[in-house]
Amino acid sequence: MEKLMTVEMKKLIIKKTRCILLFVLLLGAAVFSGERVFTDEEVEANVPHPVSGSHPEWVEMYWEAWRKVSSSSILHTASRGALLSPLYFDENLWGGRNWIFQWDTCLMMMFGRYGFKLFPTLESLDNFYRLQATNGYISRKVEESTGQPANVDTNVSSANPPLFAWAEWEHYLVSHNVQRFSVEIRGFIDGEKVPLLQRIVNHYDWLKESRRHEDGFYWSTGYASGMDNTPRLGVETGHSHAGGAWVDLTAQQALNALMISKIAEKTGNDSLHDAFVGEYQALKQVVNDAMWHTQDAFYYDLDSSRKFSRIKTTASFWPLCASIADSAQCVSLIKHLLDTNEFMTPHTVPTLSKDHPLFEEAGEYWRGGVWSPTNYMVMKGLQKNDRHDIARLIAANHLENVYKVWKETGDPMWETYAPLYGMEGSISTPTYGWSALGPIACLIEYIIGIEPTDSNTLIWHIEELGEHGVDHYHFGTNVIDVRCSPRAHPAEWPTIRVTCNEPFRLIVKCNSQTAMRNFPAGQSEWNTENEMSRGIVHPIRGAVPDFSNCIRITSLNNAHIRIPAVCIRYVVYTIQGRKLCEMQIEPGKAEMPVISAISALEMLLIRYW
């Protein structure tokens, strides 16, 4: 009872402070934010149009997120520093802060790229490149009023996660603007015109020189890592590196090297490509040899004596995103993600494991708060390891909770969310830029399942049963509509309708099978049944001959399943076809608890009689 009262009191406090906070922010917006730049019609003409028969409410939230972005995030330099781009993304969309942050801006590219023809995505990154110091340093934040760096390189908290190369590469996958990698950017500090790729390499070299201990491990601080009040390494690490080896920065630098190698290969710079493949491989070995705890099956920071810190945070999933974890390590990390005592909270994924003493039910920023950018990072890591099914579960859970908060507060983009109940976090700002990752990027990539590549190919992970797809998807100079017709059950082969103005290739992945077709310009229809690859046992097929009474479980939050009162028993399968259990149901009982094995696994099919 005492615990319940504590939770209810926290909810009440959050609700009371919400009104005050919104008033202050709206007042700030009136003073600081620029005029509305893009109309709804302009936005609709330049961004994808998602279709989801199963979740039209999330499509509604998608458009609301774009409206927030288009009306609040584009600022004129007439009221800002003269060194900044005429238009750029402001991570704090209500315009009440005087800074733009490096890693916020990089992560905003992950959704902003879907509006690359209209929105100032790359200009936002250029704000930081222009202010690069002669030694390669780039400040983690920039003063908007002056257009000058807000930090100096000697400050221990002056560096943000090195995500420029990742942001540029992900943007390229949609825009196909390969010329971007060679564009020369004139610096205001060094006075030189330097190619974009070289500026990213110079920044990589600065980190290697200034953010490594003598034994070769990378270090950061709470503020520098972006996880301000994180309790990692057992101390308050806001402005202290605690002498530790930080798993996130080490993995982020590996990701940085990997993306630099890809960009170098795309520009024909073979020597740079080879050099950074070597950098990546060396960092990958460091992380796996020194930071993987075999008994816990988890990545950890190392303390000043190079012992495992054994504090579980979302920082430890960066090796998954950096393609450092192997398949066995990926499976182990998924077990942690889906453990209800650790990261599978009602709103997943908390930034601090639930079993830590400093975990806060209401979030308290990085002490359990759920953040859209770290959730997105986890999903990207799962996708890179061919676990789109788990990524989709996390995305669905995130969107369910974000939608609930939107309907209660009027804002679909809170800075952070409470992990144990469907509210914004106890320390949180509304209309926060990178939080559009959920309503925009997660919907397109993990619910609808569209994945762009660098080879004029789209990959489509088909898991919905209702009609779904994306219209008006800008893919380089191509504009594509792709729709999947409704399916009666998961084993039914997808029928795809395509309209495009240029040829492209579509790879469809459905129920552990793959099919591929090259589409000419114009309209096409494709029944994939005759082309799905053979040799893989089709999930469920044969085990359950009649699918008419199948229930598909798609949410991590499902505590119960509703069963028709006339049924006698039900059998639970994983989507891969493995039988979990068979249970009898009392006559007339309409609701049955989902066994713990379900919540700890993946998407499921429940067959009842």
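Structural data are supplied above this passage.
Residues numbered from 1 in each chain as written. Predicted model: local features only at pLDDT ≥ 70, side-chain atom pairs only at ≥ 80, totals over all residues. Heavy atoms only, no water.

This part takes up the sheet that holds strand E2 (residues 99-101). With respect to topology, three strands assemble into an open sheet ordered E2-E3-E4, the strand pairing being antiparallel. Lying at the two open borders of the sheet, with one neighbouring strand each, are E2 and strand E4 (148-149). Sheet analysis places strand E3 (residues 141-143) next to E4, joined by two bridges and oriented antiparallel. Across the sheet, the residue bridging to Glu143 is Gln148, located in E4. (Pairing = 2+ DSSP bridges. Helix = DSSP H or I, 4+ residues; strand = E, 2+ residues; numbered from the N terminus.)

With respect to the element layout, Glu170 can be found in helix H6 (residues 164-175). Among the polar contacts made by the side chain of Glu170, one reaches the side chain of Lys380 at a distance of 3.1 Å. Filtering out sequence-adjacent residues up to four positions away, Glu170 remains in contact with Met110, Arg113 and Lys380. (Polar contact = N/O pair within 3.5 Å; in protein donor to acceptor, adjacent residues only side chain to side chain. Contact = heavy atoms within 4.5 Å.)

A separate point is the packing of aromatic side chains. Summed over all chains, the structure comprises 34 aromatic pairs. On the numbers, 6.0 Å between centres and 65° between planes, the contact of Trp66 with Phe111 is edge-to-face. Here Trp66 is found in helix H3 (residues 56-72), whereas its partner Phe111 is found in helix H4 (residues 102-112), with 45 residues between them in sequence. On the basis of relative accessibility, which here comes to 0%, the residue Trp66 falls in the buried class. A relative accessible area of 0% places Phe111 in the buried class. Judged by centre distance (4.0 Å) and plane angle (10°), the ring pair of Trp366 and Trp371 falls under stacked. Using a relative accessible area of 0% as the deciding quantity, one classes Trp366 as buried. Among the residues examined, Trp371 registers a relative accessible area of 1% and is labelled buried. Three or more aromatic residues joined by ring pairs form one cluster here, namely Phe38, Tyr62, Trp63, Trp66, Phe89, Phe111 and Phe119. (Phe/Tyr/Trp six-rings, centres within 6.5 Å; stacked < 30°, edge-to-face > 60°. Buried < 20%, exposed > 50% of the residue type's maximum accessible area, 1.4 Å probe, protein only.)

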